[in-house]
Amino acid sequence: MDKREIAYTKRNALSMKEVQIKSEAILKNLEPYLKGIVGIYMAYGHEVDITKLLKQADITCCVPVCDSDYQMSFYLVDENTVFKKSRYGILEPVNAKIIDKNEIDMIIVPMVAFDAQGHRMGHGKGYYDRYLKDYQGMKIGVAFECQKFPQLDVYPHDIPMDLIISEDAKY
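Each value, and the rule that gives it
- Residues numbered from 1 in each chain as written.
- Predicted model: local features only at pLDDT ≥ 70, side-chain atom pairs only at ≥ 80, totals over all residues.
- Heavy atoms only, no water.
- Helix = DSSP H or I, 4+ residues; strand = E, 2+ residues; numbered from the N terminus.
- Polar contact = N/O pair within 3.5 Å; in protein donor to acceptor, adjacent residues only side chain to side chain.
- Contact = heavy atoms within 4.5 Å.
- Phe/Tyr/Trp six-rings, centres within 6.5 Å; stacked < 30°, edge-to-face > 60°.
- Lys NZ or Arg CZ within 6 Å of the ring centre and 35° of its normal.
- 1 Å grid on protein atoms, 1.4 Å probe; cavity = no way out; pocket = protein on both sides within 12 Å on 5 of 7 lines; lining within 4 Å.
- Points joined across faces, edges and corners; volume = space filled by probe spheres on them.
- Nonpolar A, V, L, I, M, F, W, Y, C, P; charged D, E, K, R; others polar.
- Pairing = 2+ DSSP bridges.
- Axes fitted to C-alpha atoms, helices over the stretch in contact; angles between N-to-C directions.

1. Quick word on the side chain of Lys 101
Residue placement: Lys 101 occurs in the loop between β6 (97-99) and β7 (106-110). A polar contact of 2.8 Å, which involves the side chain of Lys 101, links it to the side chain of Asp 134. In this structure, Lys 101 is in contact with Tyr 131, Asp 134 and Tyr 135, ignoring residues within four places of it in sequence.

Structural data, given as structure tokens:
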């Protein structure tokens, strides 16, 4: 098995109750960094669930929509936003306004695997790496401690995180 498969196996071995408890701890560790307009993602499967941030009054959230050309855009969302499942089964907004990436203060990025040096591994399609290539705001990766590796292979197109937060630590 490669590292991505190992990370999926470890993450998917967590019960949904464990995912919920560990996600709450990660949200608590995220609190000091939250400000302004925050790019979040809609959790899928056993990913860290940060969707409670949608209800946080002191920040504005935006969420990604992925298109068929492997490009991603973020859209502002509020309590009136309607979501539908994408072709990947992930909730995406259908009645929201696109936001320029330069207006987003920070983006919280899901990870399949990570290391303490700030490197992340995603699902392998490169959406976040392409989007974050010229992004100037703060990039925070979130994952469970069981998804951590001593070192990941890094490629020229990989965008490192400014900070990685798990339920136990900050890297």
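Let us keep going from here.
2. As for the packing of aromatic side chains
Inspection of the entire model under this criterion finds four aromatic pairs. Taken together, a centroid distance of 5.0 Å and an interplanar angle of 50 degrees make the contact between Phe 74 and Tyr 131 tilted. Here Tyr 131 lies in helix α3 (residues 127-132) and Phe 74 lies in strand β3 (residues 72-77), a separation of 57 residues in the sequence. Members of the aromatic cluster, connected to one another through ring pairs, are Tyr 70, Tyr 88 and Tyr 127. Positioned above the aromatic ring of Tyr 127, the side-chain terminus of Arg 130 is 5.8 Å from the ring centre.

3. Section: the layout of surface pockets
When its volume is computed, the largest pocket comes out at roughly 830 Å³. Residue lining of the largest pocket: 38 residues in total, with Arg 120, Gly 122, His 123, Gly 124 and Lys 125 positioned closest to the centre. Among the secondary structure elements, those contributing two or more residues to the lining of the largest pocket are α1 (3-12), β2 (60-66), β5 (91-93), β9 (120-121) and α3. A per-class count over the lining of the largest pocket returns 21 nonpolar, seven polar and 10 charged. Here the second largest pocket is characterised by a volume of approximately 200 Å³. The wall of the second largest pocket is formed by Leu 53, Leu 54, Lys 55, Gln 56, Ile 59, Thr 60, Cys 61, Val 77, Asp 78, Glu 79, Thr 81 and Phe 83. Residue composition of the lining of the second largest pocket, by class: six nonpolar, three polar and three charged.

4. Let's talk about the sheet that holds β2
Taken in spatial order, the seven strands line up as β6-β3-β2-β1-β7-β10-β11 in an open sheet, and their pairing is mixed. Of all the strands in the sheet, the pair left with one neighbour each is β6 and β11 (163-165). Taking the axes of each pair of neighbouring strands and ignoring which way they run, one obtains an average angle of 35 degrees across the sheet. The sheet contact formed by β3 and β6 spans three bridges and is antiparallel. Bridge pairing links Leu 76 to Lys 97 in β6.

On their own, these measurements won't tell you what the molecule is for.
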